[in-house]
Structures are given as structure tokens and as C-alpha cells.
Amino acid sequence: METAKTKEILRIDNLDVSLVESGKTLIRDISFTLHAGETLCLVGESGSGKSLTSLAVMGLLDPGALRVSAGRILVEGIDVLAASAEELRQMRATRMSMVFQEPMTALNPTETVGAQVEEVLRVHGEGNAVTRRERVLKMFEAVHLPAPERIHASYPYQLSGGQRQRIVISMALILNPRLLIADEPTTALDVTTQRQILALIEEMQQKFGTAVLFITHDFGVVSDIADRIVVMNRGDLVETGTRDEILARPRQDYTRMLVSSVPSLVPPGRMPVTGAQILEVANLNKVYTQGSFLSGRRRVDALKPTGLTLATGEILGIVGESGSGKTTLARCLTRLIEPTGGAIRLGDTDISAMSQRQLRPYRRRFQVVFQDPFRSLNARLRVRDIVAEGMLNFGTPREEAYARVGDLLERVGLSVEMMDRYPHQFSGGQRQRICIARALALRPEVLIADESVSALDVSVQKQVLELLREICDETGVGIIFITHDLRVAARICDRVLVMQRGEVVESGSVDEVLTRPAQAYTRELIGAAPGRNWDFEHFRPFA
Amino acid sequence: MQKVQDLPGKAPAAARSRPRSRDWPVRVACAFLVFILIVAVVGPFLTSGDPLHINAANRIKPPSAEHLFGTDAMGRDVFARVIYGARTSIIVGFVAALASLLLGLAVGLLAGYFPLADATIMRVMDGIMSIPSIVLAVALVAITGANLGTVLIAIIVPEFPRVVRLVRGVILSLRSEPYVEAAISLATPTWRILFRHMLPNTLAPLIVQGSFVLASAILTEAALSFLGVGLPPEIPSWGNIMAEGRTYFQLRPGLIFFPGIFLALTVLSINLIGDALRDRFDPKLEKRH
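Fair warning: this is a prediction, and the values are worked out from it, not measured in the lab. (Residues numbered from 1 in each chain as written. Chains lettered and ligands numbered in written order. Predicted model: local features only at pLDDT ≥ 70, side-chain atom pairs only at ≥ 80, totals over all residues. Heavy atoms only, no water.)

1. Here we look at the UniProt feature "domain: ABC transporter" (unreviewed entry) in chain A
Under the UniProt annotation, "domain: ABC transporter" (unreviewed entry) lies at residues 10-259 and 279-526 of chain A. Between the end C-alpha atoms of residues 10-259 of chain A there is a gap of 26 Å, over a span that is 40% helix and 26% strand. (UniProt positions renumbered as here; feature names shortened; annotations may be inferred. Helix = DSSP H or I, 4+ residues; strand = E, 2+ residues; numbered from the N terminus.)

2. A few points about the interface of chain B and chain A
Facing 24 residues of chain B, the contacting portion of chain A comprises 31 residues. Here chain B and chain A share three salt bridges between them. One salt bridge in this structure joins Glu177(B) and Arg375(A), with 3.2 Å as the shortest N-O distance. Taken together, chain B and chain A are joined by 12 residue pairs in polar contact (both at pLDDT 80 or more). (Contact = heavy atoms within 4.5 Å. Salt bridge = Lys/Arg side-chain N within 4 Å of Asp/Glu carboxyl O. Polar contact = N/O pair within 3.5 Å; in protein donor to acceptor, adjacent residues only side chain to side chain.)

3. Things to note about the domain arrangement of chain A
All names here are of chain A. By the assigned domains, chain A splits into domain 1 (2-261) and domain 2 (277-541). The centre of domain 1, based on its C-alpha atoms, is set 35 Å off from the matching centre of domain 2. Contact between domain 1 and domain 2 buries roughly 2,000 Å² in total, counting both sides, with carbon and sulfur atoms accounting for 55%. Where domain 1 meets domain 2, there are one salt bridge. (Domains from an automatic or database assignment. Buried area = accessible area lost by both parts, 1.4 Å probe.)

4. Considering the sheet that holds strand S13 (residues 315-319) of chain A
All names here are of chain A. Here we have six strands laid out as an open sheet, ordered S16-S17-S18-S13-S19-S20, and mixed in their pairing. In this open sheet, the two strands that pair with only one neighbour each are strand S16 (366-369) and strand S20 (503-509). Adjacent strand axes in the sheet meet at a mean angle of 20°, parallel and antiparallel pairs treated alike. Examined bridge by bridge, S13 and strand S19 (residues 495-500) share four bridges and lie parallel to one another. Across the sheet, residue Ile318 finds its bridge partner in S19, namely Leu497. Taken strand by strand, helix H17 (residues 428-440) contacts S16 and strand S17 (446-450), and its axis lies near 175° from that of S16. Contacting S19 and S20, helix H21 (residues 520-528) runs over the sheet at an angle of about 100° to S19. (Pairing = 2+ DSSP bridges. Axes fitted to C-alpha atoms, helices over the stretch in contact; angles between N-to-C directions.)

5. With respect to a nonpolar patch on the surface
All names here are of chain B. The grouping of Ile134, Val138, Phe226 and Leu227 at the surface amounts to a nonpolar patch, some 320 Å² of accessible area in total. Relative to the helices and strands, Phe226 is located in helix H8 (residues 190-226). The class for Phe226 is partly exposed, based on a relative accessible area of 31%. (Patch = residues over 30% accessible without salt bridge, like charges linked within 9 Å, V, L, I, M, F, W, Y side chains within 5 Å. Areas by Shrake-Rupley, 256 points an atom, 1.4 Å probe, with all protein chains shown as cover. Buried < 20%, exposed > 50% of the residue type's maximum accessible area, 1.4 Å probe, protein only.)

6. Some details on the packing of aromatic side chains
Tallied over the entire structure, the rule returns five aromatic pairs over all chains. For the ring pair Tyr113(B) and Phe114(B), a centre distance of 5.4 Å and an interplane angle of 80° mean the geometry is edge-to-face. Given a relative accessible area of 8%, Tyr113(B) falls into the buried group. Measuring from centroid to centroid gives 5.7 Å for Phe257(B) and Phe258(B), while their planes differ by 70°, and the two rings are edge-to-face. Residue class for Phe258(B) comes out buried when judged on its relative accessible area of 19%. Across the ring face of Tyr402(A), the terminal group of Arg384(A) is positioned such that the distance to the ring centre comes to 4.7 Å. Over the face of the ring belonging to Phe226(B) we find Arg246(B), whose NZ or CZ atom lies 5.9 Å from the ring centre. (Phe/Tyr/Trp six-rings, centres within 6.5 Å; stacked < 30°, edge-to-face > 60°. Lys NZ or Arg CZ within 6 Å of the ring centre and 35° of its normal.)

Rendered as C-alpha cells:
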């Protein structure tokens, strides 16, 4: 057993990948090895080259755009780079296979999933139609899919995201490859599903002795599953080490910065907020009705009657999985969709039933920051006009507005000279800062941040979270912070609401909810949160 | 993150750096269109002939040094008529295209942004699109007589609902963009959201559509004139010249061939340029090679 464990499955020596056209190298001098039964996590922020590395191993680099310019990749001693297209095809699925991020796009929507998995067997000439079907059903059972017979005849759209990812995993593992490459396989899934998939990969690994190359940006996942870790940054390999070496004793400054940026699930311990109440929401709800000829009217309670309060200087977190109604709540609060009923009292005024025209003067009192910094800014306007827009709408003279744009940019950590640039000249984090500056320009009382840091890399995420906290403490703006990430909520929020299926299941101070959850669902969420046992900031496990 | 996300914006640059060999038809098309435009503008200086001068003694002559394309059944110089015809076709085409675009843009903005108006407007557009331009032209000619106005109306009316559909689609998709929602949150007046945040993003598809409307307008004008429900026969337009040449086609094929070749090349050039514009603005639609 011990000898099987130490067998080298993947060896990458001094790998360079460059652009065909310009010759620019995108990843440089990457070397690492992976042994049977081992899980190696390849971590790095966006643009670090981790996906390119995995595609190079699979021989899946777009030959028109990218090429391996130096180095060697050995899978079980076979040189992937020297292999012919036919040899590569033979190696895929039998020696190495891959699981992608988005299980919906990894499957063919017009074919049953059973047929798709059987096809893997068929193209590799395994068995006959009857034995292939049996083998697929057995595999479905092994990945814990309920009712394999029914799943076998299902189309991808009939399955949930977690079930689809199980199909993709069974497809990847059915020929028992020695190497499994998983490229962000759980990023598109909810935390509870993510936990199940991670457990499944581990189980399969132990059963078949597979070597797993796991690509992720999530240090929580890394701390849960990694045996060893490779840290990449901008195409360079920064550091390699065992899980404890990297997480507890990082040698490189970059690794140290990256690991300490990861929020921990245990809140830092905040004083209760004592500010005056600025927002009170009572029985706010949203019902969608769908008329259908056959089924009659169908009612969907996207948001069941929900109440909340917000004080000045307070950050209220709203957490939940997809479909929990947290975004519906945010959009009702901002009146971007019309609530079906209930009250939104901003000070003494109920804004929930106002017409858009009546609402306009009140808009300056509540502002919103969205998730996607790349789509939140009009690409055709200069930063100065983007940030000044609200002020101009409320009659601020142009010079005064532009002067304040300068102040705001400095406040959010950008510089005055950036005023005349266009959005595409900024990174994601910088764009999110511009969005925050735009929202703050009107001196709002309430700021609604809808997954505002979810699209950002962890180091940038930390900075933006710190910025929001500073602004909250400094200006007394109340922030409603919507997130699916409990660790982010733990870092920034004073109080949290936990939502499930359109209603609030638990609420309280962040300490109470995250350390002493009263509801089973909250406990389940916390239990599923990756990396809950590791205090990243202090490079140690929680006692 | 930034690098990956910036790629769509850089796609046009990538398109520009592609091998030149595939660009030549577009270059030729551009050159031809410029040539036609020059001909339309400086037409009278290119020929000493008078396109309206009737000379009974000089009927249906073959091409000669004096009459490059020969003469028609009334002894008029066909070369001069084709040159002046370019002017007519280009004017009718551009006016019709521009009017369709502006009208379609205005109605499309309304339909796309105001859900209450949407259903009504789009059903009316469906109705208008069901009117064939030739039937409309015949009806208009019967009421008001053949003139430039009836031709323009007969082209614009069936054409502009297509522009409405296009603009409405773009506006509908832009409405849910976070930057538009951000503008709503900033209490930006509706007209400013429409003109500042949405209109600029409709221009690229609108220009592409405009090129196809232009080509179709020139063709429709020629077709209407050829059928005798377009411009009055004395006005030199490519359709009119061909209509008159039809009777003598077996004797003098040039009467149809010369205006026909100008018409075909002009429309082909515009379509080629339209395709190139579409590839440039929206690389997704381009055929993969």
C-alpha cells in the first residue's frame, strides 16, 4: 500500500506556456509532482495561470493561440507533449481526466446523461451495450446518485447542479484514471452541495487511489482537502509545500499576504451597535404569479413577509444559499423590483408603495453596490461623470460635483488623476471602489451591497471589506450586506439574518448566529462552510 | 480577473490584426461605393449628355464614342441617364435608410423601456410589417400619383418595424444591466438613462442594420420604378431605365445590362461592408474559420 501511495503519477518540469502570436510567456518555469492517492491544490488569484497549467496537462491548450514553449509533462511516465493527437485521446479518461467548473456546460443538453457517460466507455471500446449500461449504473450508485435507473434516462436540465456535477465526476472516473484534474469543481455550487461534492471526490480518491490535482481560489476548500499546496501568482510558481507548511508557516511574502487575506469563520468580536434606527422593514414580500394554460395560476413566494431594522453605523448581513430570496429582498429594498406588500420605512417615510416618480427625491438616501464590477459601470463614460451622475441629478453645480468626485476617489483609495480615465482601464477591485464612490456621492443613509465582493480575488476582497467597514464607522452609513459567503459575513457584519427558501430562519448578532446557532439550517450552513477550522489571519487552526 | 474580462472589448483589435487576405472584397466594396458616391455628386461633370434630352433621330443606337452606353427608345443618352440615376438611387436609399433608422430608434426606445407601451407598439409593428411594399406603393400611386414621396413612404413603412424590433431587443437586454440599475438608483431621469446610458450601446447594431436597410431601399426603389409604381418615368433612375429598356432587351441588352450592373454592384458593395461592420462590432456572429 505504501509503495502504491508514493508512485509518481504526474510530473511537470520547468513548464512554460506562451502566446503563439506575440510569444509572450503566460506561465513560467512551473515544476511540481503529484503522487498516487494525493490531493495537490493549485491555488492562486485570477490570472495566476492555474487553469492554463491544468489545460496543458490535458493537452487541451487552444493550438491556435497557446503553446508549450518549454518543459516536460509526464503522466505515469508518458510525455504528454510528445504524444500524438490519437495517443492523447487514448490517455484521456483512461489515464487522466478532468472535471470542470460549470457542470451544466460540461454536459450535452440534448442527450441523456446515461448515454453521455456510456459514450466514454464506447469510444474506448469497453464492453458491449449491456455491460456498459450496467457499469454506468454501478458508477452512478458509487457517486451516490439517487435512483440510478431514473438518472440514467434524465437530461441534464432535469437534474440539480450537485447531481450534474456528480454525473461529470462519474464520467471522469469511470475508466479509473490515475490522475483527476478538478478545475474549480465546486465554485458554481452552494456550500452544502460543495461539501457533498468534496466528500465524494475524497471518497472516490480513496477507493481508486486517484491522484487529484485540485484547482481553486478558495483557501477554505484548500484547508479542508489539500495534502500539498502549490501557490501560483501571475504565471510564476511562488511556493510549494504541505498543507500545514503553506497555511501555518508560509515562507514567501505573497503566500503570507494571500493566506492572511482569507476571512475566518469566527467573527472578530464586535461591540453592539447603538446608533439610531434608520430603516425599518416590515412584512416585505414578493410573490410572482405565473399564468399557465394547463396548470392554472402558479404562485411563487420569492420573498415571504420579512422584517428587519438597520441602525446608523451598522452592517447587517443577509446570508443564504442561491434561491434563498436574499437578492429578491435587496432588489425590493432598492425598489428595482416592486414589492408585493409590506412597508419599507426610511426614517418616517414608507417608500414601499411610492411611484418611481415620487420615489426619486428619496433615492439619494439609499444607494446600492452590485456584484459584478465589470457590468456596473457604463463603459462609455469617464470615471468623473460616472461618480458625479447622482450629484448632478440632485442639482449640485458641475464644478462642485467634480471637486467632490476627487475627494471621493481618494476616500475609496484611488487617486484624483484617475477621474479622466474610462472603466476599462481599471481592475475589478478598483472598479468596485468606483462603484462605492458613486454610491457614497449622495451621502446615503443606507447602502445596500449585493454580493459586492463575491467577484473579487481574496486579497482585493479583504481590502474592499476593510474599506466598507471604515466608511461605515466614519460616516455612520448603515450597510445591508448580502452574501453567500459566511466567512465574509463573519469578517464584516455586526448582525446577520440567515435566509432559506424566501424567509428569515434566524437572526441575531454575528457572534451569536455563527458561534451559537439556534436553528438546524444555520448549523448545517456553518458545518458546510469550507475552512471553518482554520484561522487564516493568524496562520493556525482554531483551538 | 481584469485581463480575462477585458477580452471581449479587445476583440475588435484582434479582428484588425487578422491576415489581410480576407479583407480584400471589403476593400474593393468600399472603393466601389466611394466611386458611386463621387459619381452621384459630380455626375453632371462626367458627361456632356442631357439625360432628359429627347432625340427622335437617334433612337436605340448601340454604344459608340458619342454615346458610351448607346441611346434609348427616345434617343436619350443612356450613359448620362445611368450617371444621373446613381444620384437618384443614392438619395432615395440614404433618405429612406436614415428615416427608417430614426423612426425605428424612437419607437424602439419607447417599446423597449416602457413595458406598458411595449405590447401595443409591437402588435402595431407586426401589423405594419404585414403590408407588402409593392402593394402599398401601388395604392399610394393610385391616390397621389407617382412621385419621390410615395416611393420613400413605400420603402420606409415596411422597413422601419425591423429597426424597432432590433432596438427594442437591445434596450430590453440593457435594462437589466447593473449599470442601468445603478443609474436608476441614482435617480437619473428616464430621458437621460435612455440617451446617455442606452442609446450609445444601440449604435453599433443600428449602423449594421442601417447598411442592410440602405441596400434594401435601393433595391426596392429600383423594383418599384421598374414596375411603374415608383418615380415618374422621365426621372432617370436605374429602375426606370431598365423598365424602358425592357421592350428592346433583345435588340439592345445594354439598356438593361448597364443600369443593372451598377445596381447590382452597389447593393453588393453595401452588403459586403455591412457584413464587415457586423463582424467588427459583434465578433460572436462571425463565421468560424
